[in-house]
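Structural overview
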Amino acid sequence: MRLGSGTGSAIAREVQAISHSGSQQEEVEPVAPAACETGEGIGELLAALKNREARVAAQEAALANRMQVLAAAEEGAKRNLAALSAAEQKLRATMALADSAAEDDLSRMTSVYENMKAKDAAKLFEEMDPQFSAGFLGRMRPDAAAAIFAGMTPAKAYSISVILAGRNADVPTEK
């Protein structure tokens, strides 16, 4: 739908050409654009439409700008997530290495205590904190641990035995 100058004269020429096409061929003079009259309020309507079009264009520009900002933020979030994932993998590898090294150290020390004379090892375990010594004795071969227990005082052997026996008391037994 077009509102404005020139449209009315084009329609008038077409209507006149159609109505005269059957009987006689008259040449129709074009009507000047200034001759087309617009009704009251059309100027206001045109101004309101132009104003609305300007507001819509401004909103579209703001939305386009916001979409660009969101796209940039999304890309930044993706980069940060990738960096975080890489750091997490690196941390896991480091922790696995540390756990492996700690396990190797514990295994080595357990082997050292197992290969000591039971009497000498018992003297060392007498001086250790019961929790600490229970960790090593629990990892030893039963024959080596028994020989060390035999060389300890009954009170120390009992306290370590209680710790070893209660270690898994809190583990759930139901499936």
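In what follows, the accompanying structure is described. Remember, predicted model here, so these are calculated numbers, not experimental data. (Residues numbered from 1 in each chain as written. Predicted model: local features only at pLDDT ≥ 70, side-chain atom pairs only at ≥ 80, totals over all residues. Heavy atoms only, no water.)

**Here's the deal with the pattern of salt bridges**
Within the structure shown, the criterion is met by six salt bridges. In this structure, the salt-bridge partner of Glu114 is Arg141, at a minimum N-O distance of 3.3 Å. Of the two residues, Glu114 is situated in helix H2 (residues 42-115) and Arg141 in the loop between helix H4 (130-139) and helix H5 (142-151); the sequence distance between them amounts to 27 residues. For Arg141, a relative accessible area of 40% gives the class partly exposed. For Arg141, the salt bridge identified is with Asp143, shortest N-O distance 3.3 Å. Residues joined in a network through salt bridges with shared partners are Glu114, Arg141 and Asp143. (Salt bridge = Lys/Arg side-chain N within 4 Å of Asp/Glu carboxyl O. Helix = DSSP H or I, 4+ residues; strand = E, 2+ residues; numbered from the N terminus. Buried < 20%, exposed > 50% of the residue type's maximum accessible area, 1.4 Å probe, protein only.)

**Brief notes about the environment of Leu137**
Take Leu137: it is sitting in helix H4. Once the C-alpha coordinates of Leu137 and Thr110 are considered, the two residues, 27 residues apart in sequence, prove to be 7.8 Å apart. Every residue in contact with Leu137, bar those within four places of it in the chain, is listed here: Phe125, Ala145, Ile148, Phe149, Met152, Ile160 and Leu164. (Contact = heavy atoms within 4.5 Å.)

**Looking at the packing of aromatic side chains**
Aromatic rings in a pair are described by how distant their centres are and how their planes are angled relative to each other. For the structure on display, the rule yields three aromatic pairs. Ring centres of Tyr113 and Phe136 lie 5.2 Å apart, and the angle between their planes is 80 degrees; this geometry places the pair in the edge-to-face category. One end of the pair, Tyr113, is in helix H2; the other, Phe136, is in helix H4, and 23 residues separate them in sequence. Summarising the aromatic geometry, the rings of Phe132 and Phe136 are spaced 5.1 Å apart at their centres and angled 80 degrees between planes, so their arrangement reads as edge-to-face. (Phe/Tyr/Trp six-rings, centres within 6.5 Å; stacked < 30°, edge-to-face > 60°.)

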